[in-house]
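So you can see what is in the structure, the chains are spelled out below.
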Amino acid sequence: KGEGSWTVRDLQALAGLGDMLVITHPHLDHVSIPLMREMRALGKPLVLPCAIREYSAGPGVTVLDTDHAEPVEIAGVKFSNFMGDQGVGIPCNTYQMEIDGVRVADNGDNSPKDREWGLAKCPPTDVIISSTWNCVTNIVAACKATPGFRKDRAVFLPSHENELMHTVDHRESYREMYEDKKRLNFTGFEWPHIKPLAWGESMTFSSDPQGTNPKP
């Protein structure tokens, strides 16, 4: 058995492609226990905001359940995190991860927006990821407030559109991403490069700090 339409073979293939699994919060549209098991079976590290099922701090599993403004290095990746929540009892991390010289920020489904301003005290972020329903101007503004932030280099990746783990009536369309004035149609906000990625698409980003725009 797999999870939903994913077979065990699918999960094993995905686990083999990844180097690390990072989870922002334990809602089931953001967590796959079978994938976590396959990653651990291959010796791949997990980074979590809280203990999830049988996974707690231990060999190969790191739980970041308090703030770490000073980076914590896990398997060669530097993590800063600022603990928020998505509703009562749902811990959610806003992360900045430095991977091979590229800094990536992700706020998951974080609700208390002040927590994301910890990113303003981190080194400049290159790639910003946020669900487009989740007050995206807040995390972008927090990253832009960092001394040395480069709008010509940075990229914003909107996420969580057409989420297949949601029921059909709760899936938000790509059209809404572009048309809602609280989202990417907020013309009064100065955005970095916006690169929406659909299923099966990817993006490369130069680790050279003098590098130019990312390429899809």
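Values in this document were obtained by computation on a predicted structure and should not be read as measured data. (Residues numbered from 1 in each chain as written. Predicted model: local features only at pLDDT ≥ 70, side-chain atom pairs only at ≥ 80, totals over all residues. Heavy atoms only, no water.)

Structural notes on the pattern of salt bridges
The test is simple: Any Lys or Arg side-chain nitrogen found within 4 Å of a carboxyl oxygen on Asp or Glu counts as a salt bridge. Only runs of H or I of at least four residues qualify as helices and only runs of E of at least two qualify as strands under DSSP, and these elements are numbered from the N terminus. Only protein chains enter the accessibility calculation, which uses a 1.4 Å probe; a residue whose area is less than 20% of its type maximum is buried, one above 50% is exposed, and one in between is partly exposed.
Inspection of the entire model under this criterion finds ten salt bridges. In this structure, the salt-bridge partner of Glu-54 is Arg-37, at a minimum N-O distance of 3.2 Å. Separated by 17 residues along the polypeptide, Glu-54 in the loop between strand 2 (46-48) and strand 3 (61-63) and Arg-37 in helix 2 (residues 33-41) bring together distant segments of the chain. Residue classification places Glu-54 among the partly exposed residues on the basis of a relative accessible area of 48%. Exposure remark for Arg-37: the relative accessible area of 43% places this residue in the partly exposed category. Among the ionic pairs, Lys-151 bridges to Glu-190, the shortest N-O distance being 3.9 Å. Taken together, the residues Lys-151 in the loop between helix 3 (136-144) and strand 9 (155-159) and Glu-190 in the loop between helix 4 (174-179) and strand 10 (193-194) connect sequence positions 39 residues apart. Owing to a relative accessible area of 49%, Glu-190 belongs among the partly exposed residues under this scheme.

Observations regarding the sheet that holds strand 7 (residues 102-106)
In any sheet, the strands associate via hydrogen bonds between backbone groups, in a parallel or an antiparallel arrangement. Selection rule: Two strands qualify as a pair provided that DSSP identifies no fewer than 2 bridges between them.
Judged by pairing direction, the sheet is mixed, and its seven strands sit side by side in the order 4-5-6-7-8-9-10 without closing on themselves. This sheet does not close on itself; its edge strands, each paired only once, are strand 4 (68-74) and strand 10. Where strand 5 (residues 77-85) meets strand 6 (residues 91-99), eight bridges bridge the pair, whose relative direction is antiparallel. By the bridge assignment for strand 6, Asp-85 is matched with Pro-91.

Focus: unusual backbone geometry
Unlike most non-glycine residues, Arg-53 shows phi in positive territory, near 55°. Position of Arg-53 among the secondary structure elements: in the loop between strand 2 and strand 3. A relative accessible area of 60% places Arg-53 in the exposed class. If you check the backbone angles, Asp-100 has positive phi at about 50° while not being a glycine. Position of Asp-100 among the secondary structure elements: in the loop between strand 6 and strand 7.

Topic: the pairing of strand 9
Rules: Looking down the strands as they point away from the viewer, one classifies a crossover as right-handed if the path from the first strand across the helix to the second runs clockwise.
In terms of residue burial, strand 9 counts as a mostly covered element, since four of its five residues are buried. Crossover strand 8 (residues 127-131) to strand 9 through helix 3 is right-handed. Looking at chain direction, strand 9 and strand 10 are connected through two bridges and run parallel. Its bridge partner lying in strand 10, Val-155 is registered against His-193.

Looking at the side chain of Glu-38
Which entries qualify depends on this criterion: For this count, His and the chain ends are skipped, Lys and Arg are scored as positive, and Asp and Glu as negative. Any two residues whose heavy atoms approach within 4.5 Å are treated as being in contact.
With respect to the secondary-structure elements, Glu-38 resides in helix 2. No salt bridge is formed by the buried Glu-38, whose closest oppositely charged neighbour, Arg-37, lies at an N-O distance of 8.3 Å. Sequence-distant contacts of Glu-38, that is, excluding residues within four places in its chain, are made with Val-8, Leu-11, Gln-12 and Ala-15.

Some points on the sheet that holds strand 2
Going by this rule: An axis is simply a line fitted to the C-alpha atoms; with a helix, the fit covers only the stretch in contact. Between two such axes, the angle follows the N-to-C directions and lies from 0 to 180 degrees.
The strand order across the open sheet built from three strands is 1-2-3, with neighbouring strands paired in parallel fashion. A strand with exactly one partner marks an edge of an open sheet, and here the two such strands are strand 1 (21-22) and strand 3. Strand direction decides the pairing type here: strand 2 and strand 3, joined by three bridges, are parallel. Residue pairing for strand 3: Leu-46 is matched across the bridge by Val-61. The sheet strands contacting helix 2 are strand 1, strand 2 and strand 3, and the helix crosses strand 2 at an angle near 135°.

As for the pairing of strand 5
Every other side chain in a regular strand lies on the same face of the sheet, so the side chains alternate between the two faces. Where burial is concerned, most of strand 5 is hidden: seven out of the nine residues are buried. By the bridge criterion, four bridges tie strand 4 to strand 5 in an arrangement that is antiparallel. Its bridge partner lying in strand 5, Glu-73 is registered against Lys-78. Taken together, strand 4 and the strand that follows it, strand 5, pair antiparallel across an intervening segment of two residues, in which Ala-75 is found at a positive phi of about 50°. Counted between consecutive antiparallel strands, the loop separating strand 5 from strand 6 contains five residues, among which Gly-87 sits at a positive phi close to 85°.

As far as function goes, none of this settles anything; it's purely spatial.
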